[in-house]
Amino acid sequence: MLTIKNLHAEVEDKKILKGINLTVNAGEVHAIMGPNGSGKSSLASVLAGRENYHVTEGEVLFDGMNLLDMAPEIRAREGLFLAFQYPIEIPGVSNINFLKTALTEIRTYKGLAPLDAKEFLRLTKEKQKLVEFDAKLVNRSLNEGFSGGEKKRNEILQLAMLEPRLAILDETDSGLDIDALRIVSKGVNKLRSEKNAFVMITHYQRLLDYIVPDFVHVLYDGRIVKSGTKELALELEEKGYDWLKEQVDEKQAEEKQLGEMQLGEKEAIQ
Amino acid sequence: MIKDLTIPLYGELENGFDTLIAAAGRAKEGNEVLKGRKTAFHTFTERGFPTIKNEDWKYTNITRFLKDDFAIQTPPANPSTGLNAYVHPEPVDHALVAGAGIESLDCYQLTLVNGNLLSADGASHRLPEGIRLITIAEAVQDPGLAACFGHSEESEKYHFTALNAALFSNGLFIEVKAGFSLDKPLHIIHVFTSGYNLLVQPRHRIVVNRNASVTIIESVVGSVPEAKLFVNSLTEIVLEADSKMDHYLVEMAGVNSRLVQHTMVSQKKNSVYNNYTFCLQRSDLLRNELHVLLNEEHTETNLYGLYLASGNQLVDNHTFVEHRKPNCYSNELYKGVLSEQSSGVFNGKIHVYKDAQKTNAFQQNNNLLMGRKATVDSKPQLEIYADDVKCSHGSTVGQFSDEALFYLRARGIGEETAKGLLINAFAFDVTEKIKIPELEAHVNKLISGRIF
Amino acid sequence: MNDNELIDNIANKEYEFGFVTDIETDIAPIGLNEDTIRFISAKKKEPEWLLSWRLKGYQSFLRQELPKWQNFELPAIDFQQISYYAAPRNKKKYNSLDEVDPELLATFEKLGISLNEQKVLAGVAVDVVFDSVSVATSYKEKLNELGIIFCSFGDAVQEHPELVKKYLGSVVPHSDNIFAALNASVFSDGSFVYIPKGVRCPMELSTYFRINAENTGQFERTLIIADEGSYVSYLEGCTAPMRDENQLHAAVVELVALGNAEIKYSTVQNWYPGNKDGVGGIYNFVTKRGICKGDHAKISWTQVETGSAITWKYPSVILQGDYSTGEFYSVAVTRNKQIADTGTKMHHIGRHTKSRIISKGISAGHGNNSYRGLVQMGPKAEEARNFTQCDSLLIGDKCGAHTFPYIESKNNTATIEHEATTSKIGEDQIFYLNQRGIDSEKAVALIVNGYAREVLNQLPMEFAVEAQKLLSITLEGSVG
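Residues numbered from 1 in each chain as written. Chains lettered and ligands numbered in written order. Predicted model: local features only at pLDDT ≥ 70, side-chain atom pairs only at ≥ 80, totals over all residues. Heavy atoms only, no water.

Regarding the pattern of salt bridges
Rule in force here: Basic side-chain nitrogens of Lys or Arg form a salt bridge, by our definition, when they fall within 4 Å of a carboxyl oxygen of Asp or Glu. Counting from the N terminus, the helices are the DSSP runs of H or I reaching at least four residues and the strands are the DSSP runs of E reaching at least two. Note on exposure labels: buried denotes an accessible area under 20% of the residue type's maximum, exposed denotes more than 50%, and partly exposed covers the range between, all computed with a 1.4 Å probe on protein chains only.
Under the definition given, this model contains 51 salt bridges over all chains. The closest approach of N and O atoms between A:Glu89 and A:Lys151, which form a salt bridge, is 3.1 Å. Of this pair, A:Glu89 sits in the loop between β6 (80-83) and β7 (90-94) while A:Lys151 is found in helix α5 (residues 148-162), placing the two residues 62 residues apart along the sequence. Among the salt bridges present, the one from B:Lys419 reaches B:Glu415, with a minimum N-O distance of 3.7 Å. Taken together, the residues B:Lys419 and B:Glu415, both in helix α11 (residues 415-431) and four residues apart, mark about one turn of the helix. Residue classification places B:Lys419 among the partly exposed residues on the basis of a relative accessible area of 22%.

Laid out in structure tokens, this is it:
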């Protein structure tokens, strides 16, 4: 479904992704973990098409199509969903109008007729129930005045409504108390199927107790430095990230030294 | 008299007051009215039209909108006589009037064509007893009202109001009797239309007596496909003690029209004036001048405005709130969206007089610059001579938040639609203030129509 | 007499004085005409190009009228009643401090100014061995080592004519406004600073260290050039009241910051404000403007204005270089019948230019305080940003506070935010302090200093302390 090959990206001339390789197939749940500043959220932003992120190398295929060529809304209509780490408040845009517009645009793109008002409301209600999010949406602006937990649950509601094939959850667990985390996870688990896939970005192992991943990857300094199964997450929980960092840094230092030596040899030859 | 050869109207005005008045069929008006006109004419000729050297016209070069050869409006060819003098006899483009109609709104509705009441429109007769509504042409013949149209410093205060006070043609005189509350909104549709270049100068006067209340919606529409039309209107509003007026303006005039509209409001004790101005016109120029005088204590004033412009349009809103007495409250919110190469001007002035202690005056102006070549000039001003006051103003110029736009796009909403949503959201702060749901829907529809 | 008549008069009277250019004479006859200018120029042994520039300034002066847009009454200024080359010639020279107005001395005392300094400030004839001479000299050597030029304008004309010629009038042209034109034609002297490439000036430069070298008079001209990558902080001011019967003070300050250079210009202005009834006092009509010529340049104006009968000035920045920054921090206090009409103009021309304006006005007594400012985003000012905050504080019910911002944007990627508030000094704040044993006067001083904190923080340390004291003293007796 998603194939990332040697992805390099930068923000304001700062390199943040330095060669990511990752394949996600339908029905899989991947977790991407890593210390702060390792590039986890940047990866999510690049995949969703945030403007100030510039891809300098590599490619991303989404069902064989070049994802990087698509405008953010086309990616969304093709079925890529990003649950934002910090969902933005947009005063004056009502939640319900927003949801309806988004759903209509995606349906139109797929050649489906827009839902009529009644149908739409029924669907919203059903999905709200599914993700246990009973906030009154009609008269409230998008995310405005929502608590941190409500914002995250609103993201999951949108996920349920828009039915993407690939959902990227960017630190959806951050800022959630244990009850909210349980509700959000329950929602996600209900939405899991053979046809869709999830990429969960998280700093802590905690979320993975509720949503059990098929694969775990560790991101450090813009690269995936280790991949494994859910046991890797447990190992990280136990040992922290430092042992991995050290391993990587050592390796890099060796490489650098090697490079310098080679350079030195070259110079010597010349 | 100031001469400026680039403004042909001066040639017209040079014919002199008497000739103009005779041509307009006004020679029979009462002495007081004629004298008022004459003084105002003198004042205007002394001043001439404003130029960008006038501080109030710094950002709006009116000369370029006056350079066409305008004829000065004369009465309709076949005027009725008597009290219904200068009623517009001919039918008008029904699509225009229908377009101004507000869906499913229960209201009293009447139509003016270039300031003249449409004769086919019998609405005035259906108004309840508590309202007196006559044309200005009738009003100036009423000795009891002559003083309202005689010489007044206030009416002559500005370049254009002086010209209007000198040569105003027709309009409406509306009086709400003491203690009366009009049960439904009164919707006045102003149609401006002409087959040749024309200067139209309507004048209106609205008096809301003690303890009375009224909601007036004014819609301005127009069609001048083959000529240029210049409208210079003057509306004077008097709110007596304990009265209330909700005043909505929906500007929808079409291309080739230029409008300079002055509204002067004078408020007495405990009165409330709410003004909602929606500039959704296609006209080349729209200049609104809203001047509110708080002449007695404990008044409340709310001014809400929204302006959208595109193409080469220039939209200019000037507001001036004079806090002359203590314990008055005024609040203002104007928001603008400028697309393509349009220009927006906002000038909001609050003047707090020495005696006006316990004044609360607030003002906010926000602008979205959408077009690569769009410009905006904002000039909020506070002049404060009392100390026990709370006053503030703010002004911003900016764009949408990229973050908000990205969020919407990441949910599959196309860029244009997303921008539309964000413009609506931006306008929402103003549109949500509308108290009539049917009108709110009407305005929202017009905004959407204006964006796409 | 209206302006036209005034100008006619000037033109007609040009030779009426039977003026003789006597270089030996130190005082030019009262009045302004071309000969006065020739006299000044000759007196200062100026090169021909400078004289011709002055004369052009004079022509600009004749062409211009006094402004009419201000919201206060501009007093009639008789340009023919001013002595243009004699500096404060009418000022009394005292033989000892005993002869000086005790009220003035009391103020000095409060400011903690040393006796010797007091003598200079009050115009008492002082000995050549005055402390600051040696101080100034030692500074000068240190500056010389770094290649920094810091001298009087007159010296700069003689010693560095190429720099003066290149930059004089490049930021404030002689035709800029009537007072700038007047200054261009008759400026007596002033300061000149040049900081070479990459040099960070190690100390605050100040007119104060030069005050005894030459009396700069009321038409001084300052030119500061910061070459690429350099930095300088310049202090201007008179931190004590000056008795001065010459009413008009029309100075010009030009700042040029080249690429990556930074100029910080601080002013504490406390000219004589006139008495309680508004008699006397200085008309402080000053033109100050800087240009960020190169990329990443920065100019920062900080001012504390407590003196003068009328203060009328708008220290401005032309943000030409990409990524350049302009700042304006101001505290203006008016009391009695003082008027302050001040603010700034930020002209954003280059991409990613930034400006920040913080203005705090305090009005007491019958004082009137206006913020007048312009933020202009040019068509090429991509992603430019401005933030403006103007606050006005009113003490007493006879004063006025006004805000006249002009916001003009011609670029849709630029962002402007302007906020202004006006309010009365908090009675409950004063009461709270009273209740803790602080009298109302001190309470006001405390509150006002807190209110002005954001601006005072921009001043160099010693200056900030003086400015604080000055604020307190200025507001003495304004409550009660």
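Side note on the sheet that holds strand β5 (residues 65-66) of chain A
All names here are of chain A. In plain terms, the rule: For two strands to count as paired, DSSP must find a minimum of two bridges between them. Contact between two residues is taken to exist if any of their heavy atoms lie within 4.5 Å; hydrogens are not considered. Axes here mean lines fitted to C-alpha atoms, for a helix over just the part in contact, with angles spanning 0 to 180 degrees between N-to-C directions.
Strand order in the open sheet made by the four strands is β2-β1-β4-β5, with antiparallel pairing throughout. Edge positions in the sheet fall to β2 (14-24) and β5, since each has one partner strand and no second. In terms of strand pairing, strand β1 (residues 2-11) meets β2 through eight bridges, oriented antiparallel. What sits directly across from Ala 9, in β2, is Leu 17. Its contacts with the sheet put helix α1 (residues 40-48) on β1, β2 and β4 (53-62), and the angle it makes with β1 is roughly 105°.

Side note on the interface of chain B and chain A
As a reminder of what qualifies: What gets called buried area is simply the loss in accessible area from a 1.4 Å probe that two parts show on being joined, summed for both. Side-chain atoms alone can form a polar contact between residues adjacent in sequence; in general such a contact is a pair of N or O atoms within 3.5 Å, and within protein one must be able to donate a hydrogen while the other accepts it. Under the scheme applied here, ten amino acids are nonpolar (Ala, Val, Leu, Ile, Met, Phe, Trp, Tyr, Cys and Pro), four are charged (Asp, Glu, Lys and Arg), and all others, including Gly, are polar.
Taken together, the 18 residues of chain B in the interface contact 31 residues of chain A. When chain B packs against chain A, the two sides together hide about 2,000 Å² of surface, and 65% of this comes from carbon and sulfur. If you look at where chain B meets chain A, you find three salt bridges. In this structure, A:Glu73 and B:Arg409 form a salt bridge, with 2.5 Å as the shortest nitrogen-oxygen distance. The tally of links between chain B and chain A comes to eleven residue pairs in polar contact (both at pLDDT 80 or more). Elements with a contribution of two residues or more to the side of chain B that touches chain A: α10 (402-409) and α11 of chain B. Of the residues belonging to the side of chain B that touches chain A, the class tally is ten nonpolar, four polar and four charged.

Here we look at the state of the cysteines
Put plainly, two cysteines are in a disulfide when a covalent bond ties their sulfur atoms together. All names here are of chain C. Convention followed: Pairs of cysteine sulfur atoms within 2.5 Å are identified as disulfides in what follows.
Taken as a whole, this structure holds zero disulfides over all chains when the rule is applied. Free cysteine Cys 151: the closest other cysteine sulfur is in Cys 201, separated by 13 Å. By relative accessible area, Cys 151 is classed as buried at 6%.

Comments concerning the domain arrangement of chain A
Residues and elements named next belong to chain A. Short version of the rule: What marks off one domain from the next here is an automatic or database domain assignment.
Split by domain assignment, chain A resolves into domain 1 (2-239) and domain 2 (242-270). A straight line from the C-alpha centre of domain 1 to that of domain 2 covers 37 Å. Carbon and sulfur atoms supply 70% of the area buried between domain 1 and domain 2, which totals about 730 Å² over both sides. The interface formed by domain 1 and domain 2 holds zero salt bridges in total. The interface formed by domain 1 and domain 2 holds zero residue pairs in polar contact (both at pLDDT 80 or more) in total. Looking at the side of domain 1 that touches domain 2, the elements that each hand over two or more residues are β11 (215-220), β12 (223-228) and α8 (230-239).

Quick notes on the sheet that holds β6(A)
Residue and element names in this part refer to chain A. The sheet built from six strands is open, its strands ordered β6-β9-β10-β3-β11-β12 with mixed pairing. At either end of the open sheet lies a strand with only one pairing partner, and these are β6 and β12. Put simply, the sheet's adjacent strands are angled 20° from each other on average, direction ignored. When β11 meets β12, the two strands line up antiparallel, connected through five bridges. What sits directly across from Val 216, in β12, is Gly 228.

Topic: the packing of helix α10 (residues 427-435) of chain C against helix α11 (residues 440-451) of chain C
Helix-helix packing is described using two parameters, namely the angle between the two axes and the distance between the axes. Residues and elements named next belong to chain C. The cut-off we apply is this: When an angle is under 35 degrees it counts as roughly parallel; over 145 it counts as roughly antiparallel; between 65 and 115 it counts as roughly perpendicular; any other value is oblique. Here is the rule for handedness: rotate from the far helix to the near one, and if that takes an anticlockwise turn smaller than a right angle the crossing is left-handed, while a clockwise turn gives right-handed.
Put simply, α10 and α11 touch, their axes get as near as 9 Å, and they point 125° apart. The orientation of α10 with respect to α11, classified from their angle, is oblique. Note that α10 runs across α11; the crossing there is right-handed. From α10, Gln 429, Ile 430, Leu 433 and Asn 434 reach across to α11, where they touch Ser 440, Ala 443, Val 444, Leu 446 and Ile 447. In terms of residue class, the contact of α10 with α11 is made up of six nonpolar, three polar and no charged.

Quick word on the packing of aromatic side chains
This is how the line gets drawn: Ring pairs shown here join Phe, Tyr and Trp side chains whose ring centres sit within 6.5 Å, with only the six-membered ring taken for Trp; geometry is labelled stacked below 30 degrees between planes, edge-to-face above 60, and tilted in between. Geometrically, a charge over a ring is one whose NZ (Lys) or CZ (Arg) sits within 6 Å of the ring centre while staying within 35 degrees of the ring normal.
By the definition in use, this model includes 26 aromatic pairs over all chains. Each ring, one from A:Phe98 and one from B:Tyr407, has its centre 6.0 Å from the other, and the planes form 35°; the classification is tilted. Taken together, the residues span two chains, with A:Phe98 in helix α3 (residues 95-109) and B:Tyr407 in helix α10. B:Tyr407 carries the same exposure label as A:Phe98, and that label is buried. Geometrically, the ring pair formed by B:Phe17 and B:Phe41 is tilted, given 5.4 Å between the ring centres and 50° between the ring planes. Here the residue B:Phe17 occupies a position in helix α2 (residues 17-23), and B:Phe41 occupies one in helix α3 (residues 31-47), the gap between them amounting to 24 residues. Comparing B:Phe17 with B:Phe41, the two get one shared label, buried. An aromatic cluster of three or more residues is present, and its members are B:Tyr10, B:Phe44, B:Phe49, B:Trp57, B:Phe70, B:Phe160 and B:Phe230. Geometry around B:Phe426 places B:Lys335 over its ring, the cationic atom sitting 4.2 Å from the centre.

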